[in-house]
Amino acid sequence: MDIGIDKIGFYTPKKYIDIVELAKARNVDPDKFTIGIGQSKQSVPMQYQDSVTMAAEAADQIISDDDNIGLVIVGTESSVDESKAVAAFLTDLLNLPKNIRAFEIKEACYGATAGLKMAEGYVALNPDKKALVIASDIARYGINTPGEVTQGAGSVAMMVSQNPRILKFDHEEVYMTKNVGDFWRPTFSKTAFARGKFSNQVYVEFFSELWKKYQTDFNQTVNNFDTMLFHIPYTKMGMKALKTLKDETDLDKFAELSEHYQASIKMSREVGNLYTGSLYLGLISYLINGDPKPGEKILMFSYGSGAVGELYSVTIQPEFRRILDSEKIKKVLNNREKISISEYENIFAKDLQNGDSINDSDVFDKFYLREIKESERLYKKIKL
Ligand code: CAA
(Lines give C-alpha, C1' and ligand atoms only; values in the text may rest on other atoms or scores of the structure.)
Protein backbone atom coordinates (compact mmCIF):
# COMPACT_ATOMS: atom_id res chain seq x y z
CA MET A 1 0.00 0.00 0.00
CA ASP A 2 1.32 3.49 -0.87
CA ILE A 3 1.20 5.93 2.06
CA GLY A 4 2.25 9.58 2.05
CA ILE A 5 1.18 13.22 2.01
CA ASP A 6 -2.18 13.75 0.37
CA LYS A 7 -2.72 17.48 1.09
CA ILE A 8 -0.56 20.36 2.38
CA GLY A 9 -1.54 23.74 3.88
CA PHE A 10 0.71 26.63 4.93
CA TYR A 11 0.29 29.67 7.14
CA THR A 12 2.59 32.48 8.22
CA PRO A 13 1.63 35.66 10.14
CA LYS A 14 0.52 38.71 8.16
CA LYS A 15 3.20 41.11 9.40
CA TYR A 16 6.87 40.98 8.50
CA ILE A 17 10.06 42.98 8.88
CA ASP A 18 12.58 43.73 6.19
CA ILE A 19 15.95 42.14 6.89
CA VAL A 20 17.97 45.08 5.50
CA GLU A 21 16.14 47.36 7.96
CA LEU A 22 16.90 44.90 10.76
CA ALA A 23 20.60 44.91 9.80
CA LYS A 24 20.70 48.71 9.82
CA ALA A 25 18.97 48.85 13.20
CA ARG A 26 21.59 46.45 14.59
CA ASN A 27 24.56 48.23 12.94
CA VAL A 28 25.35 45.18 10.83
CA ASP A 29 26.37 45.21 7.16
CA PRO A 30 23.10 44.25 5.37
CA ASP A 31 25.07 41.86 3.10
CA LYS A 32 25.81 39.73 6.14
CA PHE A 33 22.08 39.13 6.68
CA THR A 34 20.97 38.96 3.02
CA ILE A 35 23.98 37.05 1.61
CA GLY A 36 25.88 35.59 4.58
CA ILE A 37 22.70 34.31 6.28
CA GLY A 38 20.45 34.44 3.20
CA GLN A 39 17.25 36.07 4.47
CA SER A 40 15.09 38.87 2.99
CA LYS A 41 12.07 39.11 5.30
CA GLN A 42 10.99 37.72 8.66
CA SER A 43 7.41 36.98 9.71
CA VAL A 44 6.30 38.54 12.99
CA PRO A 45 3.50 36.84 14.95
CA MET A 46 0.93 39.05 16.65
CA GLN A 47 0.21 39.04 20.38
CA TYR A 48 -2.88 36.89 19.74
CA GLN A 49 -0.94 34.23 17.83
CA ASP A 50 0.89 31.15 18.99
CA SER A 51 1.52 27.55 17.93
CA VAL A 52 -2.21 26.77 18.41
CA THR A 53 -3.64 29.57 16.26
CA MET A 54 -1.08 29.08 13.48
CA ALA A 55 -1.64 25.31 13.45
CA ALA A 56 -5.39 25.94 13.12
CA GLU A 57 -4.84 28.37 10.21
CA ALA A 58 -2.72 25.89 8.22
CA ALA A 59 -4.92 22.86 8.95
CA ASP A 60 -8.13 24.77 8.19
CA GLN A 61 -6.94 25.10 4.59
CA ILE A 62 -6.83 21.36 3.96
CA ILE A 63 -9.49 19.71 6.13
CA SER A 64 -12.68 18.61 4.39
CA ASP A 65 -15.81 16.91 5.74
CA ASP A 66 -15.06 13.56 4.11
CA ASP A 67 -11.59 13.22 5.68
CA ASN A 68 -11.79 10.24 7.97
CA ILE A 69 -9.26 11.60 10.48
CA GLY A 70 -8.26 9.26 13.31
CA LEU A 71 -5.03 10.86 14.48
CA VAL A 72 -3.86 14.46 14.96
CA ILE A 73 -0.23 15.16 15.82
CA VAL A 74 1.30 18.60 16.29
CA GLY A 75 5.08 18.85 16.17
CA THR A 76 6.21 21.98 18.01
CA GLU A 77 9.00 23.35 20.17
CA SER A 78 6.97 26.46 21.05
CA SER A 79 4.28 24.75 23.01
CA VAL A 80 1.80 26.82 25.05
CA ASP A 81 1.22 24.41 27.94
CA GLU A 82 3.36 21.85 29.75
CA SER A 83 0.42 19.47 30.02
CA LYS A 84 -2.24 20.09 27.40
CA ALA A 85 -1.27 19.38 23.82
CA VAL A 86 -1.68 21.94 21.02
CA ALA A 87 -3.60 19.19 19.20
CA ALA A 88 -6.23 19.12 21.99
CA PHE A 89 -6.94 22.85 21.61
CA LEU A 90 -7.47 22.27 17.89
CA THR A 91 -10.31 19.79 18.26
CA ASP A 92 -13.06 22.40 18.69
CA LEU A 93 -11.37 25.17 16.68
CA LEU A 94 -11.33 22.82 13.68
CA ASN A 95 -14.47 20.78 14.51
CA LEU A 96 -12.45 17.59 14.54
CA PRO A 97 -14.23 14.28 15.17
CA LYS A 98 -14.41 13.09 18.78
CA ASN A 99 -12.94 9.64 18.23
CA ILE A 100 -9.39 10.64 17.44
CA ARG A 101 -6.02 10.42 19.13
CA ALA A 102 -4.63 13.96 19.48
CA PHE A 103 -1.26 14.85 21.00
CA GLU A 104 1.94 16.82 20.62
CA ILE A 105 5.49 15.77 19.79
CA LYS A 106 8.59 17.67 20.81
CA GLU A 107 12.12 17.20 19.55
CA ALA A 108 13.17 20.63 18.29
CA CYS A 109 12.87 20.90 14.51
CA TYR A 110 12.49 17.13 14.11
CA GLY A 111 8.96 17.07 15.66
CA ALA A 112 6.96 17.14 12.42
CA THR A 113 9.09 14.41 10.84
CA ALA A 114 8.52 12.24 13.92
CA GLY A 115 4.80 12.95 13.48
CA LEU A 116 4.83 11.98 9.81
CA LYS A 117 6.61 8.69 10.55
CA MET A 118 4.11 7.89 13.30
CA ALA A 119 1.26 8.81 10.95
CA GLU A 120 2.64 6.46 8.30
CA GLY A 121 2.54 3.57 10.77
CA TYR A 122 -0.98 4.53 11.84
CA VAL A 123 -2.31 4.56 8.28
CA ALA A 124 -0.56 1.24 7.55
CA LEU A 125 -2.60 -0.30 10.40
CA ASN A 126 -5.78 1.68 9.63
CA PRO A 127 -5.86 2.12 5.83
CA ASP A 128 -9.32 3.72 5.78
CA LYS A 129 -8.23 6.48 8.19
CA LYS A 130 -6.19 9.67 7.72
CA ALA A 131 -3.70 11.33 10.03
CA LEU A 132 -3.29 15.10 10.29
CA VAL A 133 0.28 16.15 11.08
CA ILE A 134 0.96 19.83 11.78
CA ALA A 135 4.27 21.61 12.28
CA SER A 136 3.74 24.90 14.14
CA ASP A 137 6.35 27.15 15.70
CA ILE A 138 7.54 30.61 16.61
CA ALA A 139 11.33 30.80 16.34
CA ARG A 140 12.57 33.32 18.87
CA TYR A 141 16.10 34.16 20.02
CA GLY A 142 15.64 37.72 21.30
CA ILE A 143 16.28 41.31 20.28
CA ASN A 144 19.87 42.01 19.24
CA THR A 145 21.08 38.41 19.60
CA PRO A 146 23.08 36.57 16.90
CA GLY A 147 20.04 34.35 16.32
CA GLU A 148 17.61 37.28 15.79
CA VAL A 149 18.12 37.29 12.03
CA THR A 150 17.13 33.59 11.97
CA GLN A 151 13.77 34.04 13.70
CA GLY A 152 10.42 33.42 11.97
CA ALA A 153 6.97 31.92 12.51
CA GLY A 154 4.46 29.71 10.74
CA SER A 155 2.84 26.40 10.29
CA VAL A 156 2.59 23.57 7.75
CA ALA A 157 -0.30 21.08 7.89
CA MET A 158 -0.07 17.72 6.12
CA MET A 159 -2.75 15.08 5.67
CA VAL A 160 -1.28 11.56 5.59
CA SER A 161 -3.31 8.84 3.86
CA GLN A 162 -3.13 5.81 1.65
CA ASN A 163 -2.96 6.50 -2.10
CA PRO A 164 -1.52 9.97 -1.44
CA ARG A 165 -1.80 12.55 -4.20
CA ILE A 166 1.26 14.73 -3.46
CA LEU A 167 4.09 12.52 -2.15
CA LYS A 168 4.59 8.87 -1.37
CA PHE A 169 6.95 7.73 1.43
CA ASP A 170 9.52 5.34 -0.07
CA HIS A 171 10.34 3.36 3.13
CA GLU A 172 13.97 4.31 2.67
CA GLU A 173 15.03 6.04 5.86
CA VAL A 174 17.97 6.31 8.22
CA TYR A 175 17.98 8.18 11.53
CA MET A 176 20.18 8.89 14.53
CA THR A 177 20.06 10.56 17.95
CA LYS A 178 22.86 12.02 20.07
CA ASN A 179 22.73 14.04 23.27
CA VAL A 180 24.19 17.32 21.98
CA GLY A 181 24.14 20.83 23.52
CA ASP A 182 23.81 22.85 20.32
CA PHE A 183 20.45 24.51 21.03
CA TRP A 184 17.88 24.37 23.84
CA ARG A 185 15.04 26.32 25.43
CA PRO A 186 14.50 25.78 29.17
CA THR A 187 10.89 25.83 30.39
CA PHE A 188 11.38 29.25 32.05
CA SER A 189 12.47 30.95 28.83
CA LYS A 190 10.49 32.36 25.88
CA THR A 191 13.64 32.53 23.78
CA ALA A 192 16.03 29.79 22.66
CA PHE A 193 19.64 29.42 23.67
CA ALA A 194 21.99 28.42 20.86
CA ARG A 195 25.66 27.67 20.44
CA GLY A 196 25.25 29.01 16.91
CA LYS A 197 28.46 27.96 15.15
CA PHE A 198 28.50 24.63 16.98
CA SER A 199 24.90 24.01 15.87
CA ASN A 200 25.92 24.57 12.23
CA GLN A 201 28.72 22.05 12.68
CA VAL A 202 26.50 19.39 14.29
CA TYR A 203 23.87 19.83 11.56
CA VAL A 204 26.44 19.15 8.83
CA GLU A 205 28.00 16.24 10.78
CA PHE A 206 24.56 14.62 11.17
CA PHE A 207 23.89 15.00 7.44
CA SER A 208 27.25 13.46 6.49
CA GLU A 209 26.91 10.52 8.86
CA LEU A 210 23.34 9.80 7.79
CA TRP A 211 24.19 10.13 4.11
CA LYS A 212 26.95 7.49 4.50
CA LYS A 213 24.49 5.14 6.15
CA TYR A 214 21.77 5.85 3.59
CA GLN A 215 24.12 5.00 0.72
CA THR A 216 25.17 1.75 2.35
CA ASP A 217 21.69 0.67 3.47
CA PHE A 218 19.96 1.45 0.17
CA ASN A 219 22.79 1.18 -2.34
CA GLN A 220 22.32 4.76 -3.59
CA THR A 221 24.64 7.53 -4.76
CA VAL A 222 24.17 11.27 -5.32
CA ASN A 223 23.40 10.50 -8.96
CA ASN A 224 20.18 8.72 -7.92
CA PHE A 225 18.67 12.05 -6.82
CA ASP A 226 17.70 15.20 -8.74
CA THR A 227 16.56 16.96 -5.58
CA MET A 228 17.65 17.08 -1.94
CA LEU A 229 15.68 19.17 0.54
CA PHE A 230 16.99 20.30 3.91
CA HIS A 231 15.82 21.70 7.22
CA ILE A 232 16.28 25.45 6.62
CA PRO A 233 16.84 27.47 9.83
CA TYR A 234 18.21 30.14 7.46
CA THR A 235 18.60 29.70 3.75
CA LYS A 236 22.37 29.32 3.66
CA MET A 237 22.34 26.40 6.12
CA GLY A 238 21.18 23.59 3.81
CA MET A 239 23.76 24.62 1.23
CA LYS A 240 26.51 23.95 3.78
CA ALA A 241 25.34 20.33 3.92
CA LEU A 242 24.75 20.03 0.17
CA LYS A 243 28.28 21.27 -0.54
CA THR A 244 29.74 18.24 1.27
CA LEU A 245 28.54 16.15 -1.72
CA LYS A 246 30.38 18.20 -4.34
CA ASP A 247 33.18 15.68 -4.77
CA GLU A 248 30.78 12.74 -5.03
CA THR A 249 29.30 13.77 -8.37
CA ASP A 250 30.01 15.69 -11.58
CA LEU A 251 29.57 19.43 -12.08
CA ASP A 252 26.27 19.10 -14.00
CA LYS A 253 24.59 17.00 -11.31
CA PHE A 254 25.81 19.32 -8.56
CA ALA A 255 24.51 22.32 -10.54
CA GLU A 256 21.11 20.63 -10.87
CA LEU A 257 20.95 19.88 -7.12
CA SER A 258 21.96 23.48 -6.36
CA GLU A 259 19.31 24.88 -8.71
CA HIS A 260 16.63 22.77 -7.05
CA TYR A 261 17.91 23.86 -3.64
CA GLN A 262 17.52 27.50 -4.72
CA ALA A 263 13.85 26.83 -5.60
CA SER A 264 13.34 25.20 -2.19
CA ILE A 265 14.59 28.20 -0.18
CA LYS A 266 12.57 30.92 -1.94
CA MET A 267 9.75 30.90 0.57
CA SER A 268 11.96 30.52 3.68
CA ARG A 269 13.86 33.60 2.54
CA GLU A 270 10.60 35.53 2.86
CA VAL A 271 9.44 34.00 6.16
CA GLY A 272 12.42 32.93 8.28
CA ASN A 273 12.78 29.84 10.43
CA LEU A 274 9.62 27.79 11.05
CA TYR A 275 11.64 25.36 13.20
CA THR A 276 9.88 22.00 12.69
CA GLY A 277 7.98 23.25 9.63
CA SER A 278 11.07 24.52 7.80
CA LEU A 279 11.88 21.35 5.88
CA TYR A 280 8.25 21.15 4.79
CA LEU A 281 8.12 24.81 3.75
CA GLY A 282 11.18 23.96 1.63
CA LEU A 283 9.20 21.11 0.10
CA ILE A 284 6.24 23.42 -0.68
CA SER A 285 8.61 26.00 -2.12
CA TYR A 286 10.28 23.41 -4.36
CA LEU A 287 6.94 22.06 -5.58
CA ILE A 288 5.75 25.59 -6.42
CA ASN A 289 8.93 27.33 -7.56
CA GLY A 290 11.00 24.46 -8.98
CA ASP A 291 10.50 22.11 -11.89
CA PRO A 292 9.27 19.01 -10.02
CA LYS A 293 8.19 16.00 -12.05
CA PRO A 294 5.85 13.12 -11.18
CA GLY A 295 7.96 10.09 -10.26
CA GLU A 296 10.87 12.26 -9.10
CA LYS A 297 12.54 10.97 -5.97
CA ILE A 298 13.46 13.56 -3.32
CA LEU A 299 15.87 13.08 -0.43
CA MET A 300 14.67 14.87 2.72
CA PHE A 301 17.03 15.88 5.54
CA SER A 302 15.29 16.54 8.83
CA TYR A 303 17.35 17.89 11.75
CA GLY A 304 16.23 18.75 15.27
CA SER A 305 18.83 20.18 17.63
CA GLY A 306 19.54 18.27 20.75
CA ALA A 307 19.77 16.23 18.42
CA VAL A 308 17.83 13.91 16.13
CA GLY A 309 18.43 13.63 12.40
CA GLU A 310 16.68 11.65 9.70
CA LEU A 311 17.30 11.21 6.01
CA TYR A 312 14.45 9.73 4.01
CA SER A 313 13.14 9.64 0.50
CA VAL A 314 9.75 10.43 -1.02
CA THR A 315 8.40 10.23 -4.56
CA ILE A 316 6.30 12.95 -6.22
CA GLN A 317 2.86 11.70 -7.25
CA PRO A 318 1.18 12.27 -10.65
CA GLU A 319 -1.64 14.49 -9.33
CA PHE A 320 0.46 16.79 -7.15
CA ARG A 321 -0.01 19.94 -9.27
CA ARG A 322 -3.80 19.72 -9.17
CA ILE A 323 -3.90 19.01 -5.41
CA LEU A 324 -1.38 21.55 -4.11
CA ASP A 325 -3.19 24.89 -4.00
CA SER A 326 -0.23 27.01 -5.05
CA GLU A 327 -2.31 30.16 -5.60
CA LYS A 328 -3.63 30.02 -2.03
CA ILE A 329 -0.12 29.43 -0.70
CA LYS A 330 1.35 32.31 -2.71
CA LYS A 331 -1.42 34.55 -1.39
CA VAL A 332 -0.39 33.78 2.20
CA LEU A 333 3.06 35.18 1.39
CA ASN A 334 1.98 38.07 -0.79
CA ASN A 335 -0.84 39.44 1.38
CA ARG A 336 1.41 40.56 4.20
CA GLU A 337 2.23 43.99 5.56
CA LYS A 338 5.67 45.31 6.39
CA ILE A 339 6.12 46.80 9.86
CA SER A 340 9.01 48.88 11.18
CA ILE A 341 11.74 47.49 13.43
CA SER A 342 10.39 49.49 16.39
CA GLU A 343 6.86 48.11 15.82
CA TYR A 344 8.36 44.59 15.77
CA GLU A 345 10.27 45.30 19.00
CA ASN A 346 7.06 46.47 20.67
CA ILE A 347 5.16 43.35 19.58
CA PHE A 348 8.07 41.16 20.71
CA ALA A 349 8.02 42.71 24.19
CA LYS A 350 4.26 42.28 24.73
CA ASP A 351 3.01 38.77 25.42
CA LEU A 352 -0.61 38.31 26.47
CA GLN A 353 -0.63 37.95 30.28
CA ASN A 354 -3.03 36.27 32.67
CA GLY A 355 -6.18 38.42 32.85
CA ASP A 356 -5.60 40.03 29.42
CA SER A 357 -8.02 39.71 26.53
CA ILE A 358 -8.11 40.69 22.85
CA ASN A 359 -10.93 42.44 20.95
CA ASP A 360 -12.25 40.88 17.77
CA SER A 361 -11.72 44.21 16.04
CA ASP A 362 -7.93 44.00 16.62
CA VAL A 363 -7.70 40.62 14.90
CA PHE A 364 -7.10 40.10 11.19
CA ASP A 365 -6.80 36.30 11.20
CA LYS A 366 -9.37 33.54 11.50
CA PHE A 367 -8.11 31.97 14.74
CA TYR A 368 -6.86 33.85 17.77
CA LEU A 369 -6.01 33.67 21.45
CA ARG A 370 -8.97 35.59 22.91
CA GLU A 371 -8.10 35.61 26.58
CA ILE A 372 -5.95 34.18 29.34
CA LYS A 373 -8.18 33.63 32.36
CA GLU A 374 -7.06 31.82 35.51
CA SER A 375 -3.92 31.06 33.49
CA GLU A 376 -6.00 29.11 30.98
CA ARG A 377 -5.67 29.99 27.32
CA LEU A 378 -9.01 30.50 25.59
CA TYR A 379 -9.14 30.57 21.80
CA LYS A 380 -11.72 31.76 19.32
CA LYS A 381 -12.52 31.34 15.65
CA ILE A 382 -13.81 34.40 13.82
CA LYS A 383 -16.23 33.79 10.98
CA LEU A 384 -14.57 35.76 8.16
N1 CAA B 1 28.75 39.97 3.50
C2 CAA B 1 28.49 38.68 3.17
N3 CAA B 1 28.61 37.64 4.05
C4 CAA B 1 28.99 37.94 5.33
C5 CAA B 1 29.28 39.26 5.73
C6 CAA B 1 29.15 40.30 4.76
N7 CAA B 1 29.38 41.58 5.06
N8 CAA B 1 29.62 39.23 7.01
C9 CAA B 1 29.57 37.93 7.43
N10 CAA B 1 29.18 37.16 6.40
C11 CAA B 1 28.98 35.71 6.39
C12 CAA B 1 30.00 34.96 7.18
O13 CAA B 1 31.19 34.74 6.44
C14 CAA B 1 29.24 33.68 7.50
O15 CAA B 1 29.26 32.84 6.36
P16 CAA B 1 29.54 31.26 6.54
O17 CAA B 1 28.45 30.74 7.45
O18 CAA B 1 29.45 30.73 5.16
O19 CAA B 1 30.87 31.14 7.18
C20 CAA B 1 27.79 34.16 7.68
O21 CAA B 1 27.75 35.46 7.07
C22 CAA B 1 27.37 34.27 9.11
O23 CAA B 1 28.34 34.99 9.79
P24 CAA B 1 28.75 34.61 11.30
O25 CAA B 1 28.99 33.14 11.40
O26 CAA B 1 29.81 35.53 11.73
O27 CAA B 1 27.35 34.99 11.99
P28 CAA B 1 26.95 34.97 13.49
O29 CAA B 1 28.08 34.70 14.41
O30 CAA B 1 26.24 36.25 13.70
O31 CAA B 1 25.93 33.73 13.65
C32 CAA B 1 24.35 32.01 13.23
C33 CAA B 1 25.21 33.11 12.59
C34 CAA B 1 25.27 31.04 13.98
C35 CAA B 1 23.59 31.29 12.17
C36 CAA B 1 23.37 32.71 14.24
O37 CAA B 1 22.44 33.48 13.51
C38 CAA B 1 22.62 31.74 15.13
O39 CAA B 1 23.08 31.40 16.21
N40 CAA B 1 21.39 31.27 14.71
C41 CAA B 1 20.58 30.34 15.50
C42 CAA B 1 21.09 28.91 15.46
C43 CAA B 1 20.91 28.27 14.10
O44 CAA B 1 20.09 28.67 13.28
N45 CAA B 1 21.66 27.19 13.84
C46 CAA B 1 21.52 26.42 12.62
C47 CAA B 1 21.85 24.95 12.82
S48 CAA B 1 20.86 24.27 14.17
C49 CAA B 1 19.33 24.02 13.48
O50 CAA B 1 19.21 23.94 12.30
C51 CAA B 1 18.12 23.90 14.37
C52 CAA B 1 17.38 25.18 14.33
O53 CAA B 1 16.42 25.35 13.56
C54 CAA B 1 17.80 26.25 15.20
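Residues numbered from 1 in each chain as written. Predicted model: local features only at pLDDT ≥ 70, side-chain atom pairs only at ≥ 80, totals over all residues. Heavy atoms only, no water.

- Under an unreviewed UniProt entry, the protein has the name Hydroxymethylglutaryl-CoA synthase and belongs to Companilactobacillus keshanensis.
- The UniProt entry for the protein carries the following text under Sequence similarities (unreviewed entry): "Belongs to the thiolase-like superfamily. HMG-CoA synthase family." (UniProt positions renumbered as here; feature names shortened; annotations may be inferred.)

### Points about the overall build of the protein
Thought 1: Within the protein one finds 12 helices and 16 strands.
Thought 2: For 384 residues, the compact-globule estimate of 2.2 N^0.38 gives 21 Å, and the protein sits close to it at 20 Å.
Thought 3: For the protein, the residues scored as buried account for 57% of the 384 residues in total.
Thought 4: Counting only carbon and sulfur atoms, one obtains 46% of the accessible surface of the protein, whose full area is about 16,300 Å².
Thought 5: Across the protein, 48 positive and 54 negative side-chain charges occur, with their mean positions spaced 2 Å apart. (Helix = DSSP H or I, 4+ residues; strand = E, 2+ residues; numbered from the N terminus. Rg over C-alpha atoms; globule rule 2.2 N^0.38 Å. Buried < 20%, exposed > 50% of the residue type's maximum accessible area, 1.4 Å probe, protein only. Areas by Shrake-Rupley, 256 points an atom, 1.4 Å probe, with all protein chains shown as cover. Lys, Arg positive; Asp, Glu negative; His and termini not counted. Charge placed at Lys NZ, Arg CZ, Asp CG, Glu CD.)

### A look at the site of the ligand
Thought 1: Surveying the vicinity of the ligand reveals 26 residues, the closest of which are K32, P146, K197, K236 and K240.
Thought 2: K32 places a side-chain nitrogen or oxygen 2.8 Å from an oxygen atom of the ligand.
Thought 3: With respect to the ligand, the side chain of K236 contributes an N or O atom lying 2.8 Å from an oxygen atom.
Thought 4: Elements with a contribution of two residues or more to the shell around the ligand: α2 (30-37), α6 (196-218) and α7 (237-242).
Thought 5: The class makeup of the residues in the shell around the ligand is 11 nonpolar, 9 polar and 6 charged.
Thought 6: Counting contributing residues per domain, the shell around the ligand is built from domain 1 (3-166 + 324-381) and domain 2 (168-320), each supplying no fewer than three. (Near = heavy atom within 4 Å. Polar contact = N/O pair within 3.5 Å; in protein donor to acceptor, adjacent residues only side chain to side chain. Nonpolar A, V, L, I, M, F, W, Y, C, P; charged D, E, K, R; others polar. Domains from an automatic or database assignment.)

### Observations regarding the domain arrangement of the protein
Thought 1: Each assigned domain of the protein is listed with its residue range as follows: domain 1 (3-166 + 324-381) and domain 2 (168-320).
Thought 2: Across the boundary between the two partners, domain 1 contributes 60 residues, which contact 48 residues of domain 2.
Thought 3: Both sides together, the interface formed by domain 1 and domain 2 hides about 4,400 Å², and carbon and sulfur atoms give 59% of it.
Thought 4: Broken down residue by residue, the surface that domain 1 buries against domain 2 is led by C109, Y110 and Y141, which jointly contribute 14%.
Thought 5: One can count 4 salt bridges joining domain 1 with domain 2.
Thought 6: Between E310 and K117 there is a salt bridge, with its nearest N and O atoms 3.7 Å apart.
Thought 7: Taken together, the links from domain 1 to domain 2 amount to 28 residue pairs in polar contact (both at pLDDT 80 or more).
Thought 8: Broken down by secondary-structure element, the contributors of at least two residues to the side of domain 1 that touches domain 2 are β1 (3-11), α2, β3 (41-44), α5 (111-125), β6 (130-139), β7 (152-162) and α11 (326-334).
Thought 9: Take the side of domain 1 that touches domain 2: its biggest share by element is 7 residues, from β7.
Thought 10: Classifying every residue of the side of domain 1 that touches domain 2 gives 25 nonpolar, 23 polar and 12 charged. (Contact = heavy atoms within 4.5 Å. Buried area = accessible area lost by both parts, 1.4 Å probe. Salt bridge = Lys/Arg side-chain N within 4 Å of Asp/Glu carboxyl O.)

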